[in-house]
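Chain residues, written in single-letter form:
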Amino acid sequence: MLATQKQLDVMVKVFRSGTNTTFRKGEFIIRPGETPPGVFFIEKGLVKAFDITKYGEENLLIVRKENEIFPLIWAITGQERNIIYQALVPTSVWRIKREDFENYIKNPINPLSPLLDMTIEMYRIHSEHIINLEYRTVRERLVSFLLSMAERFGEKTASGTLINVPLRQQDMASSISATRETTSRELSVLEKHGYIQTKSPYVVICNVKKMRSFL
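Along each chain, residue indices are assigned from 1 in the same order as the chain's sequence is written. Owing to the predicted nature of the model, reporting of local features is limited to residues with pLDDT of at least 70; listing and counting of side-chain atom pairs is limited to 80 or more, with chain, interface and lining totals taken over all residues. Hydrogens are left out, water is left out, and the side-chain values use all remaining heavy atoms of the structure.

### What about the packing of helix α1 (residues 5–15) against helix α4 (residues 113–132)?
Each pair of packed helices can be described by the angle between their axes along with the distance between the axes. A fitted line through C-alpha atoms serves as each axis, taken over the contacting stretch for helices, and the angle formed by two N-to-C directions is quoted from 0 to 180°. Helix numbers and strand numbers start at the N terminus; a helix is a DSSP run of H or I with at least 4 residues, a strand a run of E with at least 2. For the pair α1 and α4, interaxial distance at closest approach is 8 Å and the crossing angle is 95°. The angle between the axes of α1 and α4 places the two elements in the roughly perpendicular class. Of α4, the residues touching α1 (which contributes Q7, L8 and M11) are S113, P114 and M118. Residues are grouped as follows: Ala, Val, Leu, Ile, Met, Phe, Trp, Tyr, Cys and Pro are nonpolar; Asp, Glu, Lys and Arg are charged; all remaining types, including Gly, are polar. Classifying every residue of the contact of α1 with α4 gives 4 nonpolar, 2 polar and no charged. Any angle from 65 to 115 degrees is called roughly perpendicular, while one under 35 is roughly parallel, one over 145 is roughly antiparallel, and all others are oblique. Residue contacts follow a heavy-atom distance rule, with two residues in contact if any of their heavy atoms lie within 4.5 Å.

Here it is as structure tokens:
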């Protein structure tokens, strides 16, 4: 990470000059087809970003966590991508106008390291997603996805590494270009052989090193 806590505090102060809103689990923050009403900073919670395929299915793009900004591409470029944002858990956010965000990033005295950290992390996640799709089997893609989520959201527990994000099987399936039925079957196989434990809607990786042997 490039940003210091002091630099992050400067950015947070900008957002705290805006509007604070709390969303319930499952509540839309940016609705389908809606122009973003501003730039959001997640104070607490998780936000799912997804779009809808031409077949009417949800396609998970990324999960945003505390101290992250969305929609980041729109905030910087002004280009809309028709992405939907929904609270995965009870979530508190701060919202400012895009013009205020532009003033923040254009002011030479403001440290941009926190923003650069988020941009690099977004690039890393999307790069991993592309690499993940190069795996030939669904099981390999599923294992790669779970390991990536564990790196970003993992919490050590007595049972292993908990991926502390409520994920539906459809979310996993869309991320690895597989059907929900196939994804469900592969999850069952991994659980049967002791690689994971499923505690819907959460997954625990029992042994990360052992899981990496698939790849």
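So, next bit.
### Comments concerning the environment of F214
Mapped onto the secondary structure, F214 falls in the segment after α8 (208–212). In this scheme, a residue with accessible area under 20% of its type's maximum is buried, one over 50% is exposed, and one in between is partly exposed, where area comes from a 1.4 Å probe on protein chains only. Judged by its relative accessible area of 25%, F214 is partly exposed. F214 sits 27 residues away from L187 along the chain, and the two C-alpha atoms are 14 Å apart. Look past the residues within four positions of F214 in its chain and what remains in contact with it is R139, E140, V143, L190 and Y195.

### Focus: the sheet that holds strand β12 (residues 202–205)
Working definition: the strands of a sheet are paired by backbone hydrogen bonds and lie parallel or antiparallel to each other. The pairing criterion for strands is at least two bridges between them, as found by DSSP. Strand order in the open sheet made by the 4 strands is β9-β10-β12-β11, with antiparallel pairing throughout. The outermost strands of the open sheet, each flanked by one partner alone, are β9 (154–157) and β11 (196–199). Each strand axis lies, on average, 25° off the axis of its neighbour in the sheet, ignoring direction. When β11 meets β12, the two strands line up antiparallel, connected through 4 bridges. Paired with K199 across the two strands is Y202, which belongs to β12. Contacts from helix α5 (residues 138–153) reach β9, β10 (160–163), β11 and β12, with the element oriented near 85° to β10.

### Thoughts on the sheet that holds strand β3 (residues 39–44)
A sheet is described by the order of its strands in space; here 4 strands give the open sequence β1-β8-β3-β6, paired in antiparallel fashion. If you trace the sheet from one side to the other, it starts and ends with β1 (19–23) and β6 (69–70), each paired once. The sheet contact formed by β3 and β6 spans 2 bridges and is antiparallel. Across the sheet, the residue bridging to F41 is I69, located in β6.

### Looking at the packing of aromatic side chains
For Phe, Tyr and Trp, where Trp contributes only its six-membered ring, two rings pair if their centres lie within 6.5 Å, and the inter-plane angle classes them as stacked under 30 degrees, edge-to-face over 60, or tilted in between. Scanning the entire structure with this criterion turns up 6 aromatic pairs. Measuring from ring centre to ring centre gives 6.3 Å for F15 and F101, while their planes differ by 55°; the resulting arrangement is tilted. Residue F15 is located in helix α1, and its partner F101 is located in helix α3 (residues 98–106); the two are separated by 86 residues in the primary sequence. Owing to a relative accessible area of 0%, F101 belongs among the buried residues under this scheme. With 6.3 Å between their ring centres and 40° between their planes, F101 and Y104 make a pair best called tilted. Here the residue F101 and the residue Y104 both occupy positions in helix α3, the gap between them amounting to 3 residues, near one helical turn. Residue Y104 is classed as buried on the basis of its relative accessible area of 2%. Members of the aromatic cluster, joined through ring pairs, are F15, F41, F101 and Y104.

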